[in-house]
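Descriptive analysis of the structure
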Amino acid sequence: MRPSLSRLLALLVSAAALEARTATAQTTPPWQKELMPWQTHAGQPRPWRTDGRLAGRSEPGYPDDFPVAFASTDSAKGGLLEVMWVRVTAYDPASDLFLGILLNQPALVKSLAVGENVVFRAVPALNAPATAVGGPSYAEAGWPSSSAPQWFVQLREGIRAYRNGRNGHVMPEIEKCMRLLAPVTAAIPASARPDERLVAHYVLGRCRAEAYQTRGAIEQFRAAIAVDSADLDSHMALLAELSVMTHLPTDSLPAAESARWEREFVDELAIVRARFASDPGVTQILALIFDPSKARSVDPTRQRDTAKLQRLGYGIFRWKQR
C-alpha cells in the first residue's frame, strides 16, 4: 500500500526532521544495548495500545500491529515509500521510539526481510501512523552491536527463522533455525554478552521443541538457565519439555530413566512455583495441567495412579509465549 504523492512528500520531510532531532538527542534505546527479540507477556505494560498518536491505527483484532512507512533507498526506486505491517514489542520513552518485528516481505526495501527487527516513530498527522528510522540500514537500528559480529549475524538470522517458523506452523523455517543456531550455540565466542548467550540457547531450544526433539530442547533450556537463572521463559520452556518426558508411555523408557525424568519435573516445578507463581501465564498453565477434570482425557491405564498424576499433572504443555 502506498500513500499519495503529496502525502509521500510530507512524510519524507517530516521523517527527515524527526531523524535529525533523534540524532541530536543522543539517547540510546535499550534494544541497542542488549538483545530484545521478544514480545511482552500478558499483563506486562504495552504503552502503544493506549498511545493517542496510534489510536485506531492497529489491525482489528491485533492491537500490537501497525502500518509503518519505509522510504526506499535501494536501487533506482529510491525515494518511494513502502508501508508495511510491524508488530510492536517495546517502547522507549526517552527517545520516543518503538521497536517491532516486520510482518511482511518488502517489495521495494531490499535491505529488509520479514521477521527483522525495525524501529519507528509515531507521526499521527500522516496517512501512515509511523515512519521507520534508521535510514538505509533500517535493520541495524533494531539490534545491538556485538563484540563477535560474524557470530552475531548468524544468531540474528536464526532468530528471524524462528520467528518465521510461527511456533512450528512453518517447519522449513524451524529447520533453518536449527541449522543456523546449532553451530552458534556449540561455539559461543568468549566475547559474547550474557544476553546473546541466553537468546542463542533459548531460541535453539524452542525450535528443537517444535521439531519434537525433546531431549535436545531440554539441553538448550538448561544451558539458557545456566546463563540467567531468573529467566522465566527458559524455566517454563524447560518445565514444558520435562512434562513431555514424564507423560511418555510407561513402557517406552526404562523404569530408572522414567523415575529420573519425574524427579527433574518435580524439582523444576518447585522452582517455577517459588519464583514465578505471580505471573498470569504461569498461573494459567499450572492451573490447567493440574486440573483434576483433565484426568478423563488421559490413558485409562494411568488413571489408577492418582498420586502420580497429581504430582506430575494431567497432561503435557508447550511454552510458546516467546
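The following refers to the structure shown. All chains use their own residue numbering, which begins from 1 and follows the written sequence. Given that the model is predicted, a residue must reach a pLDDT of at least 70 before its local features are reported, and side-chain atom pairs must reach 80 or more before they are shown or counted; all residues, however, enter totals for whole chains, interfaces and linings. Based on all heavy atoms of the structure, the side-chain values leave hydrogens and waters out of the count.

1. Considerations on the overall build of the chain
Counting from the N terminus, the helices are DSSP H or I runs at least four residues long and the strands are E runs at least two residues long. For the chain, the count of helices and strands is nine helices and five strands. Put simply, the chain runs from its N terminus to its C terminus through helices and strands in the order α-β-β-β-β-β-α-α-α-α-α-α-α-α.

2. Considering the pattern of salt bridges
Salt bridges are defined as contacts in which a side-chain nitrogen from Lys or Arg sits within 4 Å of a carboxyl oxygen from Asp or Glu. In the structure shown here, the tally under the stated rule is 21 salt bridges. Salt-bridge contacts for Arg322 lead to Asp233; the nearest nitrogen and oxygen are separated by 2.8 Å. Highlighted residues: Arg322 in the segment after helix H9 (306-312) and Asp233 in helix H6 (residues 232-246), separated in sequence by 89 residues. Between buried and exposed lies partly exposed: a residue is buried under 20% and exposed over 50% of the maximum accessible area for its type, with that area taken using a 1.4 Å probe on protein chains only. Looking at Asp233, the relative accessible area reads 3%, which means it is buried. When the shortest N-O distance is used, the salt bridge between Lys308 and Glu262 registers 2.9 Å.

3. Let's talk about helix H3 (residues 171-186)
Multiplying 1.5 Å by the residue count of a helix minus one yields the expected span of that helix. Given a rise of 1.5 Å per residue, 16 residues ought to cover 22 Å, and the 22 Å separating the end C-alpha atoms of H3 matches this to within 8%. The axis of H3 is deflected most strongly, by about 25°, at Leu180, and proline Pro183 appears within four residues downstream. The set of residues buried in H3 consists of Ile174, Cys177, Met178, Leu180, Leu181, Val184 and Thr185. What makes two residues a contact is simply this: any of their non-hydrogen atoms within 4.5 Å. Those residues of H3 that are buried are in contact with helix H2 (149-164), helix H4 (194-210) and helix H5 (214-227). To obtain the bend at a residue, axes are fitted to the seven residues ending there and to the seven starting there, and the angle between these axes is taken.

4. Quick look at the packing of H2 against H4
To get an axis, fit a line to the C-alpha atoms, keeping to the stretch in contact for a helix; angles then go from 0 to 180 degrees between the N-to-C directions. Taken N-terminus to C-terminus, the directions of H2 and H4 make an angle of 35°; their axes are 10 Å apart at the nearest point. Handedness of the H2/H4 crossing: left-handed. On H4, the residues touching Trp151, Phe152, Leu155, Gly158, Ile159 and Tyr162 of H2 are Glu196, Val199, Ala200, Val203, Arg206 and Cys207. The residue inventory of the contact of H2 with H4, partitioned by class, reads nine nonpolar, one polar and two charged. Should the near helix be turned anticlockwise from the far one by less than a right angle, the crossing is termed left-handed; should it be turned clockwise, right-handed. Throughout, the ten residues Ala, Val, Leu, Ile, Met, Phe, Trp, Tyr, Cys and Pro are labelled nonpolar, Asp, Glu, Lys and Arg are labelled charged, and all others, Gly among them, are labelled polar.

5. Examining the side chain of Asp279
Mapping Asp279 onto the fold places it in the loop between helix H7 (255-276) and helix H8 (280-289). For the buried residue Asp279, which engages in no salt bridge, the nearest side chain bearing the opposite charge is Arg322, 7.9 Å off. In protein, a polar contact means a hydrogen-donor-capable atom and an acceptor-capable atom, both N or O and within 3.5 Å, with residues adjacent in sequence counting only if both atoms are side-chain atoms; elsewhere, any N or O pair within 3.5 Å suffices. Among the polar contacts listed, one links the side chain of Asp279 to the backbone nitrogen of Gly281, at a separation of 2.9 Å. Only four residue types enter the charge count, namely Lys and Arg as positive and Asp and Glu as negative; His and the chain termini do not.

6. Here's the deal with the pairing of strand S1 (residues 65-71)
Across the seven residues of S1, seven count as buried, placing the element largely inside the fold. For two strands to be treated as a pair, DSSP must find at least two bridges joining them. By the bridge criterion, seven bridges tie S1 to strand S2 (residues 81-92) in an arrangement that is antiparallel. Following the sheet pairing, Val68 is matched in S2 by Met84.

7. Concerning the nonpolar core
To form a nonpolar core, buried Ala, Val, Leu, Ile, Met, Phe, Trp, Tyr and Cys residues must be joined to one another through side-chain atoms within 4.5 Å. Within the largest apolar cluster, 30 residues are counted, with the highest numbers of intra-cluster contacts made by Met236, Leu239, Val282, Leu286, Phe317 and Trp319. Mapped onto this core, the elements with two or more residues apiece are H4, H5, H6, H7 and H8. Apart from residues lying up to four places away in sequence, Leu286 is in contact with Leu239, Leu269, Val272 and Arg273. Core analysis: the second largest hydrophobic core is formed by 23 residues, Ala71, Phe98, Tyr138 and Ala139 among them.

8. Brief notes about the packing of aromatic side chains
Put simply, two rings from Phe, Tyr or Trp (the six-membered ring, in Trp's case) pair if the centres are within 6.5 Å, and we call them stacked under 30 degrees between planes, edge-to-face over 60, tilted for the rest. For the structure shown, the criterion picks out six aromatic pairs. With centroids separated by 5.1 Å and ring planes inclined at 10°, the aromatic side chains of Phe98 and Phe120 adopt a geometry described as stacked. With Phe98 in strand S3 (residues 97-102) and Phe120 in strand S4 (residues 117-122), this residue pair connects regions lying 22 residues apart in the sequence. For Phe98, a relative accessible area of 1% corresponds to the buried category. Ring geometry for Tyr202 against Phe221: centres 5.6 Å apart, planes inclined by 45°, an arrangement best described as tilted. Remark: Phe221 occurs in helix H5 and Tyr202 occurs in helix H4; sequence separation between them is 19 residues. Among the residues examined, Tyr202 registers a relative accessible area of 2% and is labelled buried.

9. Observations concerning the side chain of Asp92
Following the sequence through the fold, Asp92 ends up in strand S2. Of the side chains bearing the opposite charge, Lys33 lies closest to the buried Asp92, which forms no salt bridge; the N-O distance is 7.6 Å. Residues within four places of Asp92 in sequence aside, it is in contact with Pro29, Pro30, Trp31 and Leu97.

10. Structural notes on H6
Since the α-helix advances by 3.6 residues per turn, residues separated by three or four positions end up pointing in the same direction. Taking 1.5 Å of rise per residue, 15 residues should cover 21 Å, and H6 covers 21 Å from first to last C-alpha, within 8% of that figure. Most of H6 sits out of view: 15 of its 15 residues are buried.

11. Details of unusual backbone geometry
The backbone of Asp96 shows a phi angle near 60°, a positive value even though the residue is not glycine. Within the element layout of this structure, Asp96 appears in the loop between S2 and S3. One non-glycine residue, Arg166, lies in positive phi territory at about 50°. With respect to the helices and strands, Arg166 occurs in the loop between H2 and H3.

12. Regarding the environment of Leu35
As for its position among the elements, Leu35 is in the loop between helix H1 (5-25) and S1. Relative accessible area serves as the criterion here: at 7%, Leu35 is assigned to the buried category. Taking the C-alpha atoms as reference, Leu35 lies 6.6 Å from Glu196; in sequence the two are 161 residues apart. Each residue touching Leu35, except ones within four places of it in the same chain, is listed here: Trp143, Pro144, Phe152, Leu155, Ile159, Arg193, Asp195, Glu196 and Val199.

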